Amino acid sequence: MLKGIGVISWEFLTEMPKDGMTSGGIFPAIVGTLLLVLGSMLVAFPIGIMSGICMSEYVKDGFIKRFVTVMTNNLAGIPSIVFGLFGMEFFVNELKWGDSIIAGSFTLGLLAIPIVIRITEESLKSVSKTFREASMALGATKLQTTYKVVLPIAMPNIVTGLILSLSRVSGETAPILFTVAAYFLPKLPNSIFDQVMALPYHLYVISTSGTNIEASRHMAYGTALVLIIIVLMFNLLANWLRKYLSRKVKMN
Amino acid sequence: MKTIFKKVISKFVEGLLMMSGTVTTLAVLFIVFYLFKESLGLFNMTPVEDSYSVLVNKNNPVKKLSAQQIKLVFDQEITNWKQLGGNDAEIELFRTEDISNYYSEDEIGKNFEHLAQRINEHIEKHRGIIAFVASEYEMKNAASVPLSVDKITLLELMKGKEWFPTAQPAAQFGVLPLLMGTLLVSLGAILLALPFGIAAAIYLAEIADTRFRNIAKPLIELLAGIPSVVFGFFGLVVIVPMVQQWFNLPVGETALAGSIVLGIMALPTIITVSEDALHNTPRSMKEASLALGANKWQTILRVVIPYSISGITTAVILGIGRAIGETMAVLMVTGNAAVIPHSILQPVRTIPATIAAELGEAPLEDYILKHCSF
């Protein structure tokens, strides 16, 4: 991976790919990855977090809760390629969205939802029961308890988990293979129904089936490095936020 | 007034929460049912493509063949109708493009307007013929009758040794080679990753000093976050040439390379989870063992490991789960040949890699693979 460092330059990061991807940069791929991450965030976070809250605070223990938990765990265990399959068949073909950012975002979002739900649930569960009882005893309603007491305490863990799920989403290749990724598209997308290039897919293509594999090898090293850096940045950000937020909560 | 407003808000938010919970559950159910429905559709399909049909002379007693028999016939491995339960006659193969060997261009017509008639004539003349033609050239109430082809059955799917979903005239759906490939690669990965993973976990939890542990553990967790496609690339440029050199192979893209890459990918999961399990052994148990005169090694082997064996098992299962479902890395390094592997030095193809590689070409067939993925 050290070989990638020599390739990275300002031009590499900001230019369009040229000459059948043997020179130029990977700017569209970076933009595409970020757009996909943003899109899947919009899909997965609201529904995932709310379901998590609902599951841990409102639904009573019993058959329904067990059933839903089993189903979400199942969903989390499905290989990512199967999500790609579903995304292609349903979002791309059935709903006629075509290969587009929105189809890819929904597919990646579905992939992230089980992770988000589990993280939210676990973090809420780890909040001590005494906090809830104290809040109830002071006359707060259930909603007030959840929003003003339980959520702030669980926040550091939730945020960390969310960012980690984003780092997973940004590295996934299989689901975007058939829902969004473009092979060679040296321009930026105009609408959410456009195809984009994405870093993981770009790396896959130029390392296995590019027009000139030997000549684009250095591009592949560079792409791999950029991808790793993005993922690591997410992870470090998560670590830092966890420390920062938990300190803040404790001070309150 | 204010309390009513508050009540409405809280009811509304609660409703919203319940609704999102319901939506998620429904979405999960929908995905599962959708995929199952689509995959069950496979069993209603015939292996011969819709727009083509297989024709025989109407006096031929053979009316029904399985996909595999058709393939053998067209590969000229079965050459006599007797082998298929018919009369003793040679099997003559015929495809649409062969018509020019028998009829001149004028007879067929400039825009192939007489093609159907000619094919019909040809089939009438030759008793032992089997013809594979486009359905539009098939005539009704003619001397040729379409051969009915057996539908795909679950048993055939599981037993079939050949995987050619785009083969003509009859597609072959045997998932056995894919299944064997997946199992072989995953097994190899676990065999490679397990000893290293557990050894590293024991070292980190019991032997290494705290400072090293505090540095090493976050690093290993970061390793778990690296995208699979990067591992695949690493395998392609480092491990594949290495395997090729070690064993003097014509190609390095083998099951072994896939196993090594998957093993590396499964390592972080195995290490972190089993290290957590080992670390959670109560201090009093270790101290009791030491107080009884056991040395450190005996304590680890007889007390710590048995105590945390359930956690270690979880780690192994999680590792296997990641290895079996992994697509991209495997797709890039295993060579993708859908044959039953005889050794780990042959190219194989796994189920997820097949979905990825063939999704574009073969629309419905791959759904069945999902069952296996479960």
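Bear in mind the structure is a predicted one, so any value in this text is a computation, not a measurement.

Asker: Could you give an account of the overall build of chain B, naming the residues involved and the relevant values?
Answerer: A tally of helices and strands in chain B yields 16 helices and 8 strands. Going through the 374 residues of chain B one by one, you find that 47% of them count as buried. In chain B, 67% of the contacts between residues at least 6 apart in sequence involve partners at least 24 apart. By element, 61% of the accessible surface of chain B is carried by carbon and sulfur atoms, the whole surface being about 19000 Å².

Asker: Kindly report on the nonpolar core, identifying the contributing residues and their values.
Answerer: Within the largest apolar cluster, 102 residues are counted, with the highest numbers of intra-cluster contacts made by Leu199(A), Leu203(A), Tyr204(A), Val230(B) and Phe233(B). It is helix H9 (residues 217–251) of chain A that provides the largest number of residues to this core, a total of 12 residues. Both domains that furnish three or more residues to this core are identified here as domain 1 (2–44) and domain 3 (176–373) of chain B. With 8 residues, the next largest nonpolar core counts Ala201(B), Leu278(B), Val304(B) and Ile305(B) among its residues.

Asker: Tell me about the packing of helix H8 (residues 199–208) of chain A against helix H9 (residues 228–247) of chain B, and name the residues and values.
Answerer: Across the interface, H8(A) lies against H9(B) with an axial gap of 9 Å and an inter-helix angle of 15°. On the basis of the axis angle, H8(A) is roughly parallel to H9(B). Considering the relative orientation of H8(A) and H9(B), their crossing is left-handed. Here Pro200(A), Leu203(A), Tyr204(A), Ser207(A) and Thr208(A) of H8(A) lie close against H9(B), whose contacting residues are Val229(B), Val230(B), Phe233(B) and Leu236(B).

Asker: Explain the pattern of salt bridges to me, and be specific about the residues and the numbers.
Answerer: All names here are of chain B. Evaluation of the coordinates by the stated rule reveals 5 salt bridges over all chains. A salt bridge links Glu 275 to Lys 217; the shortest N-O distance between them is 3.4 Å. In this pair, Glu 275 is assigned in helix H10 (residues 255–279) and Lys 217 in helix H8 (residues 210–225), connecting sequence segments 58 residues apart. Close ionic contact of Arg 283 with Glu 287 constitutes a salt bridge, the shortest N to O distance being 2.9 Å. Of this pair, Arg 283 and Glu 287 both sit in helix H11 (residues 283–291), separated by 4 residues, roughly a single helical turn. On the basis of relative accessibility, which here comes to 42%, the residue Glu 287 falls in the partly exposed class. Where salt bridges share partners, they join Arg 213, Lys 217, Glu 275 and Asp 276 into one cluster.

Asker: Help me get a handle on the interface of chain A and chain B, residues and values and all.
Answerer: On the chain B side, the residues contacting the 48 residues of chain A number 45 residues. Across the chain A to chain B interface the summed buried area is about 4300 Å²; carbon plus sulfur atoms make up 83%. Remark: the boundary between chain A and chain B carries 0 salt bridges. In this assembly, chain A and chain B are joined by 0 residue pairs in polar contact (both at pLDDT 80 or more).

Asker: Go over the confidence of the model for chain A with me, naming the residues and quoting the values.
Answerer: Overall, the predicted model of chain A reaches an average pLDDT of 76, with 79% of residues at or above 70. Mean pLDDT across the elements of chain A bottoms out in strand E1 (residues 17–18) of chain A (54) and peaks in helix H6 (residues 129–137) of chain A (86).

Asker: Run through H10(B), naming residues and quoting values.
Answerer: Residues and elements named next belong to chain B. Here H10 spans 35 Å end to end across 25 residues, near enough to the 36 Å set by a 1.5 Å rise per residue. A maximum bend of about 35° is found in H10 at Ala 266, where proline Pro 268 lies one to four positions downstream. For H10, the buried fraction is high: 20 of the 25 residues fall into the buried class.

Asker: Break down a nonpolar patch on the surface for me, citing the residues and quoting the values.
Answerer: A cluster of nonpolar residues, Phe12(B), Leu16(B), Met19(B) and Val23(B), forms a patch on the protein surface that exposes about 380 Å² of accessible area. As for its placement among the helices and strands, Met19(B) is situated in helix H1 (residues 2–40).

Asker: Summarise the side chain of Thr272(B); cite the residues concerned and give the values.
Answerer: Residue and element names in this part refer to chain B. Its location among the elements puts Thr 272 in helix H10. Within the local environment of Thr 272, its side chain forms a polar contact with the backbone oxygen of Pro 268, the two atoms lying 2.8 Å apart. Those residues in contact with Thr 272 that lie beyond four places of it in its chain are Lys 217, Ile 220 and Glu 221.

Asker: So what's going on with the packing of helix H2 (residues 27–58) of chain A against H8(A)? Residues and values would help.
Answerer: All names here are of chain A. Between H2 and H8, the shortest axis-to-axis distance is 8 Å and the interhelical angle comes to 135°. Compared by their axis directions, H2 and H8 come out oblique. Together, Ala 29, Ile 30 and Thr 33 of H2 and Leu 199, Pro 200 and His 202 of H8 make up the contact between the two elements. Class assignment of the residues belonging to the contact of H2 with H8 gives a composition of 4 nonpolar, 2 polar and no charged.

Asker: Tell me about the environment of Leu184(B), and please be specific about residues and values.
Answerer: Among the secondary structure elements, Leu184(B) is positioned in helix H7 (residues 176–207). Sequence separation between Leu184(B) and Leu256(B) is 72 residues; the distance between their C-alpha atoms is 9.0 Å.

Asker: I'd like a description of the packing of aromatic side chains, backed by residues and values.
Answerer: Considering all chains together, one arrives at 3 aromatic pairs over all chains under this definition. Ring centres of Trp240(A) and Tyr244(A) lie 5.3 Å apart, and the angle between their planes is 10°; on these two criteria the pair is classed as stacked. With a gap of 4 residues between them, Trp240(A) and Tyr244(A) both fall in helix H9, about one helical turn apart. Consider the rings of Tyr203(B) and Phe212(B), whose centres lie 6.0 Å apart with planes at 70°: the pair is edge-to-face. Given a relative accessible area of 40%, Tyr203(B) falls into the partly exposed group. Looking at Phe212(B), the relative accessible area reads 39%, which means it is partly exposed.

Cut-offs applied
Residues numbered from 1 in each chain as written. Chains lettered and ligands numbered in written order. Predicted model: local features only at pLDDT ≥ 70, side-chain atom pairs only at ≥ 80, totals over all residues. Heavy atoms only, no water. Helix = DSSP H or I, 4+ residues; strand = E, 2+ residues; numbered from the N terminus. Buried < 20%, exposed > 50% of the residue type's maximum accessible area, 1.4 Å probe, protein only. Contact = heavy atoms within 4.5 Å. Areas by Shrake-Rupley, 256 points an atom, 1.4 Å probe, with all protein chains shown as cover. Core = buried A, V, L, I, M, F, W, Y, C linked by side-chain atoms within 4.5 Å. Domains from an automatic or database assignment. Axes fitted to C-alpha atoms, helices over the stretch in contact; angles between N-to-C directions. Parallel < 35°, antiparallel > 145°, perpendicular 65-115°, else oblique. Left-handed = near helix turned anticlockwise from the far one by under 90°. Salt bridge = Lys/Arg side-chain N within 4 Å of Asp/Glu carboxyl O. Buried area = accessible area lost by both parts, 1.4 Å probe. Polar contact = N/O pair within 3.5 Å; in protein donor to acceptor, adjacent residues only side chain to side chain. pLDDT = per-residue confidence, 0-100. Expected span 1.5 Å × (residues − 1). Bend = angle between axes of the 7 residues up to and from the residue. Patch = residues over 30% accessible without salt bridge, like charges linked within 9 Å, V, L, I, M, F, W, Y side chains within 5 Å. Nonpolar A, V, L, I, M, F, W, Y, C, P; charged D, E, K, R; others polar. Phe/Tyr/Trp six-rings, centres within 6.5 Å; stacked < 30°, edge-to-face > 60°.

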